[in-house]
Amino acid sequence: KPFTEHLIKDIFNGFNTSLARARHVLIIDDSQVVRRFGRDALARKAYRISEAVSMEEAFSNVDIAHVDLVLCDVFMPGMGGLKGMRTIKATWPEVKIVAMSAGIDSKVSEHDALNATRRIGADAQIAKPFAPDDLVHVVEALLDSEATAMAARG
């Protein structure tokens, strides 16, 4: 027979690895430039990306229960990021949230906006504009810590 037990195990191990589910990131921002920037940075690391221009679009078009992480702008038209992030955390507490903000002109600083997201349960914050590597680092740190916690539980 051309197959040894060792070779068969290697084939099955490779098969299981290739079927590993790509982590799913939802980017919610009313700026097409920010969505594209985030998508490009995360797609290079093989994340599955969905996009929405508003919370309303995200809630109507994306099954957030099957998203691993939401990258969300704080200030957007409509429901807005703060209320949307609060809803996501209340409904799907296992979904990680990274809040992003550049503030609003001279009315609200990025620091104050991002501090507000901590109080509503965002798992991490990133100030806009950000470097692609910084975004990838934050996303990987959150998802890696989640994977480690799940492995420890069982």
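For the structure itself, look to the data block above.
Cut-offs and rules
- Every chain begins its residue count from 1, and numbering advances along the sequence as written.
- Local features are withheld for residues below a pLDDT of 70 in this predicted model, meaning they are given only at 70 or higher, and side-chain atom pairs are given and counted only at 80 or more; totals for whole chains, interfaces and linings count all residues.
- In computing side-chain properties, one takes all heavy atoms of the structure into account and sets aside hydrogens as well as water.
- In this description a helix means any DSSP run of H or I spanning at least four residues, a strand means any run of E spanning at least two, and both kinds are numbered starting from the N terminus.
- Throughout, exposure labels follow a simple rule: accessible area from a 1.4 Å probe, protein chains only, divided by the maximum for the residue type, with under 20% read as buried, over 50% as exposed, and the rest as partly exposed.
- Throughout, a residue-residue contact means that at least one pair of heavy atoms, one from each residue, lies within 4.5 Å.
- Each accessible area is a Shrake-Rupley result for a 1.4 Å probe, and residues are judged covered by the shown protein chains and nothing else.
- Should DSSP find at least two bridges between two strands, the strands are regarded as paired.
- Only the stretch in contact is used when fitting a helix axis, every axis being a line fitted to C-alpha atoms; angles between N-to-C directions are given from 0 to 180 degrees.
- By construction, the arc corresponds to the directions joining the helix axis to the C-beta atoms.
- Salt bridge criterion: a side-chain nitrogen from Lys or Arg within 4 Å of a carboxyl oxygen from Asp or Glu.
- Counted as a polar contact is a pair of N or O atoms within 3.5 Å, where, for protein atoms, one must be capable of donating a hydrogen and the other of accepting one, and residues adjacent in sequence contribute only when both atoms are in side chains.

Asks: Is there a simple way to think about the overall build of the protein in this case?
Replies: Each helix and strand in the protein was counted, giving 6 helices and 5 strands. Each helix and strand of the protein, ordered N terminal to C terminal, gives the series α-β-α-β-α-β-α-β-α-β-α. For the protein, the proportion of its 154 residues judged to be buried stands at 39%. Taking as baseline every contact in the protein between residues at least 6 positions apart, the subset at least 24 positions apart corresponds to 69%. Element-wise, carbon and sulfur atoms account for 55% of the exposed surface of the protein, whose accessible area totals about 9,000 Å².

Asks: Would you explain the sheet that holds strand S3 (residues 69-73) in this entry?
Replies: Through backbone hydrogen bonds, the strands of a sheet pair up, either in parallel or in antiparallel fashion. Spatial strand order, S2-S1-S3-S4-S5: 5 strands in an open sheet with parallel pairing. The two strands at the open ends of the sheet, each matched to only one other strand, are strand S2 (48-52) and strand S5 (124-127). When the angles between neighbouring strand axes are averaged without regard to direction, this sheet yields 20 degrees. Here S3 pairs with strand S4 (residues 96-101) via 5 bridges, running parallel. When the sheet's bridge partners are listed, Asp73 is paired in S4 with Met100. Packing against the sheet, helix H2 (residues 32-43) makes contact with strand S1 (24-28), S2 and S4, and its axis sits at approximately 170 degrees to S2.

Asks: Would you mind showing me how to read helix H4 (residues 81-91) here?
Replies: Residues lying three or four places apart along an α-helix face the same way, a consequence of the helix completing one turn every 3.6 residues. Along H4, the positions that sit buried rather than exposed are Gly81, Gly84, Met85, Ile88 and Lys89. Taken around the axis of H4, the buried residues stretch over an arc of 130 degrees, which confines them to a single face.

Asks: What exactly am I supposed to notice about the pattern of salt bridges here?
Replies: Close approach of charged atoms lets side chains of opposite charge pair. Under the counting rule described, the total for this entry stands at 7 salt bridges. For Asp40, the salt bridge identified is with Arg39, shortest N-O distance 3.7 Å. Of the residues examined, Arg39 reaches a relative accessible area of 28% and is grouped as partly exposed. Here Lys89 ties to Asp123 by a salt bridge, and the two come within 2.9 Å at their closest N and O atoms. You can see Lys89 sitting in helix H4 and its partner Asp123 sitting in the loop between helix H5 (110-119) and S5, a full 34 residues away along the chain. Overall, Asp123 belongs to the partly exposed group, its relative accessible area being 30%. Counted as one network, the salt bridges with shared partners bring together Arg35, Arg39, Asp40 and Glu51.

Asks: Any chance you could explain the environment of Ile28 here in plain terms?
Replies: Here Ile28 shows up in strand S1. Owing to a relative accessible area of 0%, Ile28 belongs among the buried residues under this scheme. In the structure, Ile28 is positioned 56 residues away from Gly84 in sequence and 10.0 Å away in space, judged by C-alpha atoms. Sequence-distant contacts of Ile28, defined by excluding residues within four places in its chain, comprise Ala52, Ser54, Met55, Ala58, Val70, Leu71, Cys72, Asp73, Met76 and Met100.

Asks: Would you mind going over the side chain of Arg35 with me for this structure?
Replies: Looking at the secondary structure, you find Arg35 in helix H2. On the basis of relative accessible area, Arg35 is assigned to the buried category, the value being 10%. Within the structure, Arg35 has its side chain in polar contact with the backbone oxygen of Asp29 (distance 2.8 Å). Once you skip the residues sitting within four places of it in the chain, Arg35 turns out to touch Ile27, Asp29, Asp30, Glu51, Ala52 and Val53.

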